Amino acid sequence: MSKIYERSLSIRHLVCGSCNGCEHEMNALAGPAYDITQHGWDLVASPRHADVITVSGPMTEAMRDAAAATLAATPHPMVVVAIGDCAIGVGPWSGVGSAGDGAGPELGARVTVRGCPPNPEEIVRGLREAAQLLDDA
Amino acid sequence: MYAEIAIAPELVRERLGELAETAQALGAYANETKVRYLFLRPQGVLCAAVDAGAGALPSMANEMPLYDWHEREMRQKQGIAFDGHADMRPLSIGDGPVPEAMTAQGEGVNVVVVGPVHAGIIEPGRFTFSTGGETTIHLDTQFSYGHRDIERAMAGRDALEIAPLIARICGGCSVARSWTYARALESMAGLACGEATEFARVVLAELERLYNHVFDLANAASGAGYGRGLAAGLGLKERILQLCAAATQHRLMFDAIVPGGVRTGVLRDPQALRADLRAVRRQVERFVKDMFENRSVIRRIAGAGLGDSQTARLFGACGPATRACGVELDARTLCAYGAYAGLDVRIATAKGGDVLARCNVKRSEIAESFRLIDASLAVLAKSSIPEPQRVECGVGRVTVATEGSRGIETVSVEVKEDGTIERLHVISASYRNWPTVARAMEGNIIPDFPLVNKSFNLCYSCMDR
């Protein structure tokens, strides 16, 4: 079977109350050290272009509607990847104050990447897992 | 040393005006009965406390717009009333609908809303541009999409145990905030750290400034359409993060500074880090030289996103953006702390207040950070860093100011007898600077927003809390 997504993955990032640590590491994916374009992958500017939605943060009250709208705008098949401990629900802010228990579980993440924040290599591993899920679907 | 004075409510306007003439206004915070206005002087933070129990206080937002957001926050969170504040919107998005944006009115005005979800890998925020033709007339910002109500949640928690949470309020200024918080608890405990610990803290804080500034210049290159500069800058930021990981076991150096010292195992091999940084320094100098010698980049960034010293002063702005307006304001020298006093920190300023000036200040600060790190590592090579000391958290209240990579970071903390938090308040450099980003956009076209915005490169997370 041809592996379409493994060689062409469009990624959209959604921040739901993250501390920006995960975003520093997501940004690294576009730099020369990790350069995800070498796999045919790209960070895209609209959920309408995306195969994968990466989410970070515990989920905040104010982001709930915008997060739902982002997912609703994403064509299927698609996979949500939870980036970092907060998004998985085991981070420092889980359930603290008005923060939720993880943007990942709330948005139906099928792939999780641990870390506070995760290293870029780990994020790439999670994205590869998402590509495999899409190819196997 | 932290000092507190009392001001009668009827004298607030007069006294705050006087204080702002001689000290740097840092903003204000409140509990249910008192408002505390903060100022930075060479001796330390001065707090002017005003009783808010007897009725509304006069709003200072018209004369000194720096109090605009602070008053809106105090009204929303602590129920403090301010007379004469024109903007009654809550600062944070609450249970109800998102507050409506303020827009320019008139024939031919177009309103463009961007966010809260952005096209790049950026934190959430809503930007509402009022434009006439292509030019921005007014920019309204709505933050707090990342609001976790951290301050309320910290009340009642053990002051020492929350140190890892303080480090994670905001990833990009974690070291600066951990250091500020550690200094706050140490000052309440009457604890002084030794020389080696203080030099280690300088190394960590300057490494944070270094990776942020290199990233900012890479983003400015990107905003100017200079792809090679973006790639080179991201590559160098990565190299610095790898060195941070080698030195602290964490790429963003979370928890490297702890109350009582620096975490065990941090900066074990100062000689190796020194040698590695000398090699990185040459590469960074090459990247910066190439960028500044590229005439199309310079033409693109010169004159964009203008700020000025008067606006900076009125809004209580600080950091590289304010120094780019020719203002010599830096907490490392205004109120020297730790090992900075003996390092003779050279403050970089530039004229013009545009994107180019901000890049120039960061370019100079990168060179200075390399120098400060090298000098500090030379000291550490001859001494060993002790284990962190035990901090006996005493009852008290203090505000501490530290110079982070975006400007002055403050943490205000009040601890009860049992060592738990009575009140925690964080005012980040980003909070202090965001209103000036909106002003700097006036007269610029919307497509220049990424360029202007990234030349400040403020965080949302420590603003939202």
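Remember, it's a predicted structure, so these values are computed and weren't measured experimentally. (Residues numbered from 1 in each chain as written. Chains lettered and ligands numbered in written order. Predicted model: local features only at pLDDT ≥ 70, side-chain atom pairs only at ≥ 80, totals over all residues.)

Undergrad: Help me understand the domain arrangement of chain B, please; the structure alone is not making it clear to me.
TA: Residues and elements named next belong to chain B. Domain boundaries assigned for chain B yield domain 1 (3–83) and domain 2 (159–426). Computed from C-alpha coordinates alone, the two centres of domain 1 and domain 2 are separated by 28 Å. At the level of secondary structure, the elements contributing two or more residues to the side of domain 1 that touches domain 2 comprise β2 (24–30), β3 (34–41) and β4 (44–51). For the side of domain 1 that touches domain 2, the element with the highest residue contribution is β2, accounting for five residues. (Domains from an automatic or database assignment. Helix = DSSP H or I, 4+ residues; strand = E, 2+ residues; numbered from the N terminus.)

Undergrad: Whenever I open this one, the sheet that holds β3(B) confuses me. Can you help?
TA: Within a sheet, each strand pairs with its neighbour through backbone hydrogen bonds, oriented either parallel or antiparallel. Residues and elements named next belong to chain B. Strand order across the open sheet formed by four strands is β1-β4-β3-β2, with mixed pairing between neighbours. Because the sheet does not close on itself, it has two edges, and the strands there are β1 (3–7) and β2. Sheet twist, expressed as the average angle between the axes of neighbouring strands with direction ignored, equals 25 degrees. The pairing of β3 with β4 spans eight bridges and is classified as antiparallel. Considered in β4, the bridge of Val35 is made with Val50. Those strands touched by helix α2 (residues 67–78) are β2 and β3, and its axis lies near 10 degrees from that of β2. (Pairing = 2+ DSSP bridges. Axes fitted to C-alpha atoms, helices over the stretch in contact; angles between N-to-C directions. Contact = placed C-beta atoms within 7 Å.)

Undergrad: Any chance you could explain the interface of chain A and chain B here in plain terms?
TA: Think of interface size as the accessible area that goes away when the parts come together; that is how it is often given. Opposite the 31 residues of chain A that make contact, chain B presents 30 residues. Those elements that provide at least two residues to the side of chain A that touches chain B are β1 (10–15), α1 (21–28) and α2 (64–72) of chain A. The leading source of residues in the side of chain A that touches chain B is α1(A), at six residues. Taken together, the residues of the side of chain A that touches chain B break down into 18 nonpolar, 12 polar and one charged. (Nonpolar A, V, L, I, M, F, W, Y, C, P; charged D, E, K, R; others polar.)

Undergrad: Is there a simple way to explain α2(B) in this structure?
TA: Residue and element names in this part refer to chain B. Between its first and last C-alpha atoms α2 spans 15 Å; for 12 residues at 1.5 Å apiece the expected length is 16 Å, and the two agree. Counting buried residues in α2 gives nine out of 12 residues, a clear majority hidden from the surface. Taken together, the buried positions of α2 are occupied by Tyr67, Asp68, Trp69, His70, Glu71, Arg72, Glu73, Met74 and Arg75. Here the buried face of α2 lies against β2, β3, β6 (82–83) and α14 (429–441). Phi for Gly79, located one or two positions after α2, is positive at around 70 degrees. (Expected span 1.5 Å × (residues − 1). Buried ≥ 20, exposed ≤ 12 C-beta atoms within 10 Å, placed from the backbone.)

Undergrad: Would you explain helix α8 (residues 270–293) of chain B in this entry?
TA: Working note: α-helix, 3.6 residues per turn, so residues spaced by three or four point in the same direction. With 24 residues, α8(B) should cover 34 Å at 1.5 Å per step; its first-to-last C-alpha distance of 34 Å lies within 8% of that length. Those residues of α8(B) lying buried are B:Pro270, B:Leu273, B:Leu277, B:Val284, B:Phe287, B:Val288 and B:Met291.

Undergrad: What should I look at first to understand the environment of B:Gly84 in this one?
TA: Residue and element names in this part refer to chain B. With respect to the helices and strands, the residue Gly84 is situated in the loop between β6 and β7 (109–114). Residue Gly84 is classed as exposed on the basis of its C-beta count, with 12 C-beta atoms lying within 10 Å. Along the backbone, Gly84 and Asn62 are 22 residues apart, and their C-alpha atoms lie at a distance of 8.4 Å.

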